[in-house]
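Below are the chains, spelled out letter by letter.
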Amino acid sequence: MKALPDFTRRAFLATATGSSVLLANRLFGAPEDAAAKPNPALEKLAAVALAEARKQGATYCDIRINRYRQQFSGYRLSPQRGSNQTDEVPFVTDQQSFGFGVRVIANGQWGFAASPLVTTDEIARITREAVVVAKANSAVQSSPVELAPTKAYIDRWTSPYEKDPFAVPVDEKLELMHGATLTIKKDPKVFAAFGFLAARAEDKYFASSEGSSIQQYIVQVDPALQATAVDFQKNISRTRSYQVQPLSAGWEAVAKANLAENAPRIRAEVLEHLAAPPVMPGKKDLVLLPSHLYLTIHESIGHSTELDRVLGYEANFAGTSFMTTEKMGKFQVGSELMNIFGDRTNEGGLATVKYDDDGVLTTKFPIIEKGVFKHYQTIRDQAHLIGETESRGCCYADSWASVPFQRMPNVWLAPGPREVTPDDLIAGVDDGILIEGEGSYSIDQQRYNFQFGGDAFWEIKGGKKRGMLSRVAYQSKTTDFWRTLDGIAGASYWQQFGSFFDGKGEPEQINAMSHGCSPSRFRQVNVLLTD
Amino acid sequence: MLTQQEAKNLIDKAIGYSKLPQCQVDVSWSEDAFIRFANNGITTSGYRITQQLSISSVTEDKRGGNAVVSELTDDSIKRGVEQAEALARISKPNPEDMPALGPQKYPVLSNFDSYTGAARGDVMIPHVKAVIDSARQSSLTAAGYIQRSASVAAVGNKAGLFGYHTYTDSSLSNTMRTTGGTSSGWAAQNSVSLKDINGETAGRISAEKCVRGSGARKKLDPGKYTVILEPAAVSDLVGYLGFNFGARDAEQGQSFLSKQGGGTHLGEKMFPEYITLRSDPFNSKFATTPWGPSLLPNERMAWIDKGVVKNFYYDRFWASKAGKDPTPAPDNLVLDGQDNTLEDLIKSTDRGLLITRFWYIRTLQPQTLQVTGLTRDGVFLVENGKVTDPVTNYRWNESPVRVMQNTLKLTQPMRSQGAEAGSSIVPAIVATEFNLASVSDAV
């Protein structure tokens, strides 16, 4: 469906789920001398579920034993009540969540059960519960579950990273964020500064009744800075963020982000944003930078090509899609410059993993080729519904306690010719706007009508970037918009922004994926003046 | 179910391991069962238990650290406390930290239903069947979701505070679509008791909406319209209003309650006198706890009283700076209604649009609370007091503040939930000048 609104993100950060340090540590201890095989202790636990499921008459079973670790740290600098004095408020939280979920097929129907008590007795009990659920539900099934074949894999995989972000001392992290926020707040005209650093690690083990036994470890980091400025006389406020690409990577990605060097820039730009004149609404050309365009790709192309939406499985929540099955292979979504891939193999992507939660080896596949819609995102129990014989590896869940289902891979826009620069794109615009970063974003439940704001807007006049504008949003229809794409910068400008907060499913699950792209130009898009 | 004694033991154990002056322990435990259906059959469903212990430690000089664990063994709890304390020692003093609260007298809430707490597939599946039967009778396709949960919340700290509460909740929502995807209808029910859920009724309402919407849809020009908003739509708008009652944002120029040039709108009559918005944690329709985020006992609080901005949300820190008493968080929201039915609202409207619910709402401007969103699952033209033709969906850019200001009439309130802002008890309303910005082709 969509990235979460701010208040949900705050609630998520304030509560989130938690967990264990001990049994989990034994099961998921750091990969020993790059062992290629999963921990035998995990395999022994999994065998309990697989045997119990067979005993209860299930025709398929998989178990996921997972641990999630998250650490949030940072600073908020904001004025005291009725004074210009600044309160410097640090925060630091460690969260762990550990447990298992069992999925079975019995009487042709899925069943699922999960528990945080990782013991052999509880695994057997929960497996029986999953079979009870499946059998009860089989009374109201539309058709029996059919799984596309997959090979059995025995493997262990770790996402590439250089320096474990959890091993970096917390005081070093706080120092970094304190310094950056102090720099932002140095100008007394800046109202507030916020610095945020998240590190996330996922230990996941998967075993299935088809013979797979897979242990994987994923490490991710996400730093960000934000400045806020307020004009009490005009009763307006503006923000300016330094968005950094959130990546499957280690601390090295935080170091490369150059937070300290970017803090003075956003300090100046938030004040420019506060004073910026409102946009003159109308049809304008847009040059969209990767920190902004990623979300447009996510909402308009990422979600519309999810097969579960197209087939009606999300009709009651996230919605369906305009990209109906008869369009596959022939529908012109956008201009011929548009080449979009679904990919869970690209380095750094937040959805990158070697095997999905169906135990399928992940892959890269074309979603849009020269503007024409080619392929959906699929999982094992959907492939046959569109006449395909294998899954595209897009099955995953946000927790051991959640049912794995079709989620978005990294969905990225291929770069343009090597020689094209962002300045070239701007030079070709007579009256337009350059947009960076996330603002408000909203799209309908079939992914036609969208409206996006941004974090910063610059006027383009006569082929030149001018001063900042304010109160900008653009509104369009997915196909109208992508058909106006007439320029994409080269690969050296390609960046991989993404979201940790994409919601879908009932009960709702929150997952992460990336959307790489280069700066791109769109012609004559409807620009609005917001309040 | 985690008993009071078990919860107390976990908290005491954690506090026993604590060496720093302050330690607060929040326990949450929940068991839920859910069934998801689509294309007139069950798709996924499950049963699960989740639990966690959140430990917050504070040093003498106000350095704070937090750790969350989900394995509740002695060793795991001990490690969690050590982790929270290590983080606290490393962190820097928090100038906004407040002293721990001592023992509190929490109100007793009646929102646990044992039938709901024990319910599994055998009592939920008949509701799913009833929805699917309704769909089949009208040659429609149903998708939906039914769930129930039983939850425990417990809290304790080193200063002697302790609270324990159990509550249940349940819901059924369903969407029906025509085979060609030309129309969509939706209905939902929420209650702390699964006994209040009725698949037949929920299925009938969404089927009627879907069938009514299946004719040629009128594409009216965007612009300002009188709208009749059903409770699910009102619930989202009221939720956005509620999120923005914070005193800090209001005083610091960042909310619709901030005044141009400084100051706030507290005490001003911003809305018609029949608009009263309040928090009521004692309403047994809410699945809520006897305490809020501050750990003070939850209480009733009017935010808008007869059109007047009556109170702001003061957390303990901001209240201490303002010399005020802290207030509960603007949760468990109730918008008072009037003695009208939805039919009365329709009859009173010469020309307007009847809107089922909203979708994907996001803030555009905090000071006006202008938000953008879309209509979904049933928009109908009302002419001369009667529902006439189905209409396309729309994107809208509008402020819940202006909607409340432009409200003419309300029905009796009911517990409802939209797409974005949680559950509240709200009426349907009729409001003028609602800004529809563009057509959405989505069905």
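These numbers were taken from a predicted model, which means no experiment stands behind them. Throughout, residues of each chain are indexed from 1 in the direction in which the sequence is written. Working convention: letters from A go to chains and numbers from 1 go to ligands, in the order in which they are written. Only residues with pLDDT of 70 or above have their local features reported here, since the model is predicted, and side-chain atom pairs are shown and tallied only from 80 upward, although totals for entire chains, interfaces and linings are computed over all residues.

Asker: Explain the overall build of chain B to me, and be specific about the residues and the numbers.
Answerer: Counting from the N terminus, the helices are DSSP H or I runs at least four residues long and the strands are E runs at least two residues long. Within chain B, the regular secondary structure consists of 10 helices and 19 strands. We compute the radius of gyration from the C-alpha atoms alone; for a globule the expected value is 2.2 Å times N to the 0.38, where N is the number of residues. Against the 2.2 N^0.38 benchmark of 22 Å for 443 residues, chain B shows a C-alpha radius of gyration of 24 Å, consistent with a compact globule. The dimensions of chain B, computed from C-alpha atoms along their principal axes, are 70 × 60 × 35 Å. The buried share among the 443 residues of chain B stands at 60%. Counting other C-beta atoms within 10 Å of its own, a residue is labelled buried from 20 upward, exposed at 12 or fewer, and partly exposed in the gap between, with every C-beta atom placed from the backbone.

Asker: Quick rundown of the overall build of chain A? Include the residues and the values.
Answerer: Along its length, chain A carries 11 helices and 25 strands. Since a compact globule built from 531 residues should have a radius of gyration of about 24 Å, the 24 Å found for chain A is in line with a globular shape. Taken along its principal axes, the extent of the C-alpha atoms in chain A is 70 × 55 × 40 Å. Residue burial in chain A is summarised as follows: out of 531 residues, 62% are buried.

Asker: How would you sum up the domain arrangement of chain B? Please name residues and give values.
Answerer: Interfaces are often described in size by the accessible area the parts lose on coming together. Residue and element names in this part refer to chain B. Note that the domain bounds were set by an automatic or database domain assignment. According to the domain assignment, chain B consists of domain 1 (4-212) and domain 2 (216-443). The distance between the C-alpha centroids of domain 1 and domain 2 comes to 25 Å. Residue-level contacts link 31 residues of domain 1 with 28 residues of domain 2. Elements supplying a minimum of two residues to the side of domain 1 that touches domain 2: strand S4 (141-157), strand S5 (162-177), strand S6 (184-191) and helix H5 (199-212). Of the residues that constitute the side of domain 1 that touches domain 2, the class distribution is 12 nonpolar, 14 polar and five charged. Here the contact rule is simple: place C-beta atoms from the backbone, and any two residues whose C-beta atoms are within 7 Å are in contact. Polarity classes work like this: nonpolar for Ala, Val, Leu, Ile, Met, Phe, Trp, Tyr, Cys and Pro, charged for Asp, Glu, Lys and Arg, and polar for all others, with Gly in that last group.

Asker: Mind laying out the interface of chain A and chain B, listing which residues take part and the relevant values?
Answerer: Across the contact, 75 residues belong to chain A and 91 residues belong to chain B. Contributions of two or more residues to the side of chain A that touches chain B are made by strand S3 (86-106), strand S4 (109-115), helix H4 (120-137), helix H5 (170-185), strand S8 (236-243), strand S17 (441-443), strand S18 (449-452) and strand S21 (472-477) of chain A. When residues of the side of chain A that touches chain B are assigned to their parent elements, the largest contribution, 12 residues, is made by S3 of chain A. The class makeup of the residues in the side of chain A that touches chain B is 34 nonpolar, 30 polar and 11 charged.

Asker: Can you break down the packing of H5 of chain A against helix H7 (residues 259-275) of chain A residue by residue, with the values?
Answerer: Residues and elements named next belong to chain A. Running from amino to carboxyl end, H5 crosses H7 at an angle of 25°, the nearest separation of the two axes being 8 Å. Overall, the two elements H5 and H7 adopt an arrangement that is roughly parallel. For the crossing formed where H5 meets H7, the hand is right-handed. Residue-level contacts link Leu176, Gly179, Ala180, Thr183 and Ile184 of H5 to Leu259, Ala260, Ala263, Pro264, Ile266 and Arg267 of H7. In terms of residue class, the contact of H5 with H7 is built from eight nonpolar, two polar and one charged. Interaxial angles span 0 to 180 degrees and are taken between N-to-C directions of axes, which are lines fitted to C-alpha atoms, for helices over the stretch in contact. Roughly parallel covers angles under 35 degrees, roughly antiparallel covers those over 145, roughly perpendicular covers 65 to 115, and oblique covers all other angles. Here a crossing is called left-handed whenever its near helix is offset anticlockwise from the far helix by less than a right angle, and right-handed whenever the offset is clockwise.

Asker: Hey, could you go over helix H8 (residues 290-302) of chain A for me, with residue numbers and the actual values?
Answerer: Multiplying one less than the number of residues by 1.5 Å gives the expected span of a helix. With 13 residues, H8 of chain A extends only 15 Å from end C-alpha to end C-alpha; this falls clearly short of the ideal 18 Å at 1.5 Å per step. Of all 13 residues that make up H8 of chain A, 13 are buried, and the element is covered over most of its length.

Asker: Explain H4 of chain A to me, and be specific about the residues and the numbers.
Answerer: Between its first and last C-alpha atoms H4 of chain A spans 26 Å; for 18 residues at 1.5 Å apiece the expected length is 26 Å, and the two agree. For H4 of chain A, the complete set of buried residues consists of Ile123, Ile126, Thr127, Arg128, Glu129, Ala130, Val131, Val133, Ala134, Ala136 and Asn137 of chain A. In this fold, the buried residues of H4 of chain A make contact with helix H3 (40-55), S3 and S4 of chain A together with strand S1 (22-38), strand S2 (41-58) and helix H4 (121-137) of chain B.

Asker: Give a description of the sheet that holds strand S10 (residues 340-343) of chain A that names residues and reports values.
Answerer: All names here are of chain A. Here four strands make up an open sheet; going across it, the order is S12-S11-S10-S15 and the pairing antiparallel. On the outer flanks of this sheet lie strand S12 (372-373) and strand S15 (410-413), each paired with one strand and no other. In this description, strands pair whenever DSSP reports at least two bridges between them. In terms of strand pairing, strand S11 (residues 364-369) meets S12 through two bridges, oriented antiparallel. Along S12, the bridge assignment pairs Ile368 with Phe373.

Asker: Describe the domain arrangement of chain A, listing the residues and the values that go with them.
Answerer: All names here are of chain A. Split into domains, chain A comes out as domain 1 (2-275) and domain 2 (282-529). Averaged C-alpha coordinates put domain 1 and domain 2 at centres separated by 22 Å. Listed by partner, the interface residues are 47 residues for domain 1 and 45 residues for domain 2. Taken together, the residues of the side of domain 1 that touches domain 2 break down into 19 nonpolar, 16 polar and 12 charged.

Asker: Give a description of the confidence of the model for chain B that names residues and reports values.
Answerer: The predictor reports its confidence for every residue as pLDDT, a score running from 0 up to 100. Per-residue confidence for chain B gives a mean pLDDT of 97, with 100% of residues at or over 70. Confidence estimates for the predicted assembly give a pTM of 0.96 and an ipTM of 0.96.

Asker: An account of the nonpolar core is needed here, citing residue identities and associated values.
Answerer: Buried Ala, Val, Leu, Ile, Met, Phe, Trp, Tyr and Cys residues whose C-beta atoms connect them within 7 Å together make up a nonpolar core. In this structure, Ile65, Val104 and Ile433 of chain A together with Val128 of chain B are the most contacted members of the largest nonpolar core, which totals 278 residues. Setting aside chain neighbours within four positions, we find Val104 of chain A in contact with Ala53, Ala58, Tyr60, Cys61, Gly111, Ala130, Val131 and Ala134 of chain A.

Asker: Help me get a handle on the packing of H4 of chain A against H4 of chain B, residues and values and all.
Answerer: At a minimum axis separation of 10 Å, H4 of chain A and H4 of chain B run at an interaxial angle of 30°. Of the possible angle classes, the one that applies to H4 of chain A and H4 of chain B is roughly parallel. Two packed elements cross with a definite hand, and for H4 of chain A against H4 of chain B that hand is right-handed. Residues Val133, Ala136 and Asn137 of chain A of H4 of chain A form the contact with H4 of chain B, whose participating residues are Gly121, Asp122 and Ile125 of chain B. The residue inventory of the contact of H4 of chain A with H4 of chain B, partitioned by class, reads three nonpolar, two polar and one charged.

Asker: So what's going on with the environment of Gln85 of chain A? Which residues, and what values?
Answerer: Residues and elements named next belong to chain A. In this structure, Gln85 sits in the loop between strand S2 (60-79) and S3. Distance from Gln85 to Pro188, taken between C-alpha atoms, is 9.6 Å for residues 103 residues apart in sequence. Leave out the neighbours within four places in its chain, and Gln85 touches Pro79 and Gln80.

Asker: Quick rundown of the environment of Thr182 of chain B? Include the residues and the values.
Answerer: Residue and element names in this part refer to chain B. Relative to the helices and strands, Thr182 resides in the loop between S5 and S6. On a C-alpha basis, the gap between Thr182 and Gly215 in space is 8.4 Å, while along the polypeptide they are 33 residues apart. Residues in contact with Thr182, not counting those within four places in the same chain, are Ser214 and Val443.

Asker: Any details on the pairing of strand S19 (residues 456-461) of chain A? Residues and values, ideally.
Answerer: Residues and elements named next belong to chain A. For S19, the tally of buried residues reaches five of six residues, placing the bulk of the element in the interior. Examined bridge by bridge, strand S16 (residues 431-436) and S19 share six bridges and lie antiparallel to one another. Bridging across to S19, Glu436 finds its partner in Ala456.

Asker: Please set out unusual backbone geometry residue by residue, giving values where relevant.
Answerer: Cis geometry is adopted by the peptide bond preceding Pro507 of chain A, which originates at Glu506 of chain A and carries an omega value of -5°. Positionally, Pro507 of chain A belongs in the loop between strand S23 (495-504) and strand S24 (509-517). For Ser139 of chain B, which is not a glycine, the phi torsion comes out positive at approximately 55°. Its location among the elements puts Ser139 of chain B in the loop between H4 and S4. Residues other than glycine seldom take positive phi values, yet Leu369 of chain B does so here, at roughly 55°. Position of Leu369 of chain B relative to the elements: it lies in the loop between strand S12 (351-365) and strand S13 (370-383). In this structure Leu369 of chain B comes out as buried when scored by C-beta crowding, with 23 C-beta atoms within 10 Å.

Asker: Hey, could you go over the environment of Phe28 of chain A for me, with residue numbers and the actual values?
Answerer: All names here are of chain A. Within the secondary structure, Phe28 is located in helix H2 (residues 23-28). We classify Phe28 as buried; it has 23 C-beta atoms within 10 Å. In this structure, the C-alpha to C-alpha distance between Phe28 and Glu202, residues 174 residues apart in sequence, is 9.8 Å. In contact with Phe28, not counting residues within four places along its chain, are Arg67 and Asp203.

Asker: Report on the pairing of S18 of chain A, specifying residues and quantitative values.
Answerer: Of the two faces of S18 of chain A, both are covered, the one formed by Asn449 and Gln451 of chain A as well as the one formed by Phe450 and Phe452 of chain A. Joining the antiparallel neighbours S17 of chain A and S18 of chain A is a turn of five residues, in which Arg447 of chain A adopts a positive phi near 70°.

Asker: Describe the confidence of the model for chain A, with residues and values.
Answerer: Residue-level pLDDT values for chain A average 94, and 95% of them are 70 or greater. This model gives residues 1-21 of chain A a pLDDT under 50, and the stretch forms 57 contacts once residues within four places in sequence are excluded.

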